[in-house]
Amino acid sequence: MMTENLVEHSLFRTHNDEPPRPDEHERRWVAASFLALVFLITPLAMQARSMNNPATIEQRLQTIEDKAALKTLVDTFSNLADTKDVAAQVLLFTEDATVTSVSGGEAGSTFAGRKAIGDAFGGYLANFETVYHINGQQTVELNGDTATGTAYCLVVLIADENGKRIKNTAGVTYHDEYIRRDGQWLIAKRTSHFTWRDQEEMAAN
């Protein structure tokens, strides 16, 4: 009997036998309320995020495809310049496109229309035995079937001058306006900024 009394005495109760204290009840209630609040807020937050960024997966994929197509357009222009395939090069422009060259901050000639652009390109590239474009970064802003973009390029032109091979190197920044016609991106306007130039004689082979 004495042993039973001792066991029931609070001093001999184990921790697991103790009834929950008031502060434990409060902690459990707070935890349950917090979890309920999380489950309530999460869908609302996701909905708000969707409203702030309403682009669908299809729209995002279209953006990726358009940017890739514009990068290919600029790279193809450079590749065709290197092979001096002006006939194919002008087809990358709209029929009423314009091309303007700017050197030292001063605008040079402007050519309008595919024929004028092709004649200018062909006459210029004919001066060099080697043409080499290295394209760098490109950024574009899309707006439906139109876009604007900036592309960087390192241009190397090698010519024979009085029996000497002269290498002309230029840093060029293209400021472009693009338009999509019949599902194909084309250059509608190009302003070529020649930001710097260098010239040196190459060693004999």
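Structure: above.
Residues numbered from 1 in each chain as written. Predicted model: local features only at pLDDT ≥ 70, side-chain atom pairs only at ≥ 80, totals over all residues. Heavy atoms only, no water.

Participant: Explain the pattern of salt bridges here, please?
Facilitator: Pairing of side chains with opposite charge becomes possible as their charged atoms draw close. Summed over all chains, the structure comprises eight salt bridges. In this structure, the salt-bridge partner of Arg180 is Asp66, at a minimum N-O distance of 2.7 Å. Taken together, the residues Arg180 in strand E5 (residues 164-181) and Asp66 in helix H3 (residues 57-82) connect sequence positions 114 residues apart. Put simply, Asp75 and Lys71 hold a salt bridge, and the shortest N to O gap is 3.4 Å. (Salt bridge = Lys/Arg side-chain N within 4 Å of Asp/Glu carboxyl O. Helix = DSSP H or I, 4+ residues; strand = E, 2+ residues; numbered from the N terminus.)

Participant: Please clarify how unusual backbone geometry should be interpreted in this entry.
Facilitator: Glycine aside, residues mostly have negative phi angles, and peptide bonds mostly take the trans form. Positioned with a positive phi, Lys84 is a non-glycine residue whose angle comes to about 60°. Mapped onto the elements, Lys84 comes out in the loop between H3 and helix H4 (86-89). With a phi close to 55°, Asn162 is a non-glycine residue in the positive phi region. Along the chain, Asn162 falls in the loop between strand E4 (146-161) and E5.

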